[in-house]
Amino acid sequence: MLASKIAFIGWGVGIPGLDFTGISGHAMRAAAVLPVVAYLLLQQAGRRLCACGVAFGVAAAGLIGLSRLILHYHSVSEVIAGTALGMLVAVAFIWRSQSQPGLHLPRWVVGLSLLALVPSAYAEPAPTGAWVTTVALYLSGNDRPYVRKPDGKLARAPANLRQRQSTDMTMH
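Okay, so let's go over this structure. Because the structure is predicted, anything quoted here is derived from the model rather than measured. (Residues numbered from 1 in each chain as written. Predicted model: local features only at pLDDT ≥ 70, side-chain atom pairs only at ≥ 80, totals over all residues. Heavy atoms only, no water.)

1. Some remarks on the overall build of the protein chain
This is how it is decided: The way it works is that DSSP assigns letters per residue, a run of H or I at least four long becomes a helix, a run of E at least two long becomes a strand, and they are numbered from the N terminus. The buried label goes to any residue with under 20% of its type's maximum accessible area, the exposed label to any with over 50%, and the partly exposed label to all in between, with areas taken from a 1.4 Å probe on protein chains only. Between two residues, a contact is recorded if the distance between any of their heavy atoms is within 4.5 Å. Note on areas: Shrake-Rupley with a 1.4 Å probe; residue coverage comes only from the protein chains shown. By the counting rule applied here, Lys and Arg register as positive and Asp and Glu as negative, while His and the ends of each chain are not counted. One atom stands in for each charge, and that atom is NZ of Lys, CZ of Arg, CG of Asp or CD of Glu.
Each helix and strand in the protein chain was counted, giving seven helices and two strands. The order of helices and strands in the protein chain, counted from the N terminus, is α-α-α-α-α-α-β-β-α. Reported as C-alpha extents along the three principal axes, the dimensions of the protein chain are approximately 60 × 35 × 30 Å. Expressed as a percentage of its 172 residues, the buried residues of the protein chain come to 34%. In the protein chain, 67% of the contacts between residues at least 6 apart in sequence involve partners at least 24 apart. With an accessible surface of roughly 10,400 Å², the protein chain has 69% of that area assigned to carbon and sulfur atoms. Once the 14 positive and 6 negative side-chain charges of the protein chain are each reduced to a mean point, those two points are 11 Å apart.

2. Digging into the packing of helix α2 (residues 25-42) against helix α5 (residues 107-115)
A packed helix pair is summarised by two numbers, namely the angle formed by the two axes and the spacing between the axes. This is how the line gets drawn: Fitted lines through C-alpha atoms serve as axes, helices being fitted only where they are in contact, and the angles separating the N-to-C directions of these axes extend from 0 to 180 degrees. In the scheme used here, Gly and all other residues not listed as nonpolar or charged are polar, with Ala, Val, Leu, Ile, Met, Phe, Trp, Tyr, Cys and Pro taken as nonpolar and Asp, Glu, Lys and Arg as charged.
At a closest axis distance of 8 Å, the pairing of α2 and α5 adopts a crossing angle of 145°. Facing α2, whose interface residues are V37, L40 and L41, α5 presents R107, V110, G111 and L114. For the contact of α2 with α5, the class distribution of residues is five nonpolar, one polar and one charged.

3. Focus on the nonpolar core
It is characteristic of soluble globular proteins that their nonpolar side chains tend to be buried jointly. Let me state the cut-off plainly: Definition used in this section: a nonpolar core is a set of buried Ala, Val, Leu, Ile, Met, Phe, Trp, Tyr and Cys residues joined via side-chain atoms within 4.5 Å.
Counting residues in hydrophobic clusters, the biggest one holds eight residues: V36, Y39, L40, C50, V54, A90, I94 and V110. Residue assignment for this core shows that the elements contributing at least two residues are α2, α3 (47-70) and α4 (76-98). Ranked by residue count, the leading element in this core is α2, at three residues. If near-sequence neighbours (up to four positions away) are discounted, C50 is found in contact with Y39, L42 and Q43. By size, the runner-up hydrophobic cluster in this structure holds six residues, among which are I6, I9, A136 and L154.

4. A short note on the side chain of S4
The topology assignment puts S4 in helix α1 (residues 2-11). When sequence neighbours within four positions are dropped, the list of residues in contact with S4 reads T21, G22 and I23.

5. Considering a nonpolar patch on the surface
Short version of the rule: Excluding any residue in a salt bridge, patches collect residues exceeding 30% relative accessible area, merging like charges within 9 Å and nonpolar Val, Leu, Ile, Met, Phe, Trp and Tyr side chains within 5 Å. Criterion for a salt bridge: a side-chain nitrogen of Lys or Arg within 4 Å of a carboxyl oxygen of Asp or Glu.
Judged by side-chain polarity, W11, V13, V135, Y138 and L139 come together as a nonpolar surface patch covering roughly 550 Å² of accessible area. Among the elements that line the nonpolar patch, the one with the most residues is helix α6 (residues 128-140), at three residues. Taking the relative accessible area as the measure of exposure, W11 reaches 44% and is therefore partly exposed.

Structure below.
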């Protein structure tokens, strides 16, 4: 995911016909994590309930991908790529863990782990988009990032466009 964003921002590597500038990290993480969390919470609750929980995790991940589209942060191809990559990770984890009889975590451990994440919702967001742009420009040697223009075309940012603005256009 990060490599695809650096490739686009630094060198303009994308697929204009698919409106693709990089894999959606939100869609990828949601698809990789939510079904796995449901699996871990419900793995000892019976096969049917566990499958329903995993399906709920998949549906929730789909809603997060949909939010990226509604907010115009990503294109359909970017969300599909992120969701597919995340689902591949989730399926591989669940498949592998089913063959490992000792990999059953107590629900309270999973729940406590999730509870530990609550404070992160109140944390100040890190300027990761600006960091990625800085790294991409450094590696490519370019002075301006590539961006997706409002008309959907992929091009270098105008010289007068501040780096922060170009980051907002490409890094959600």
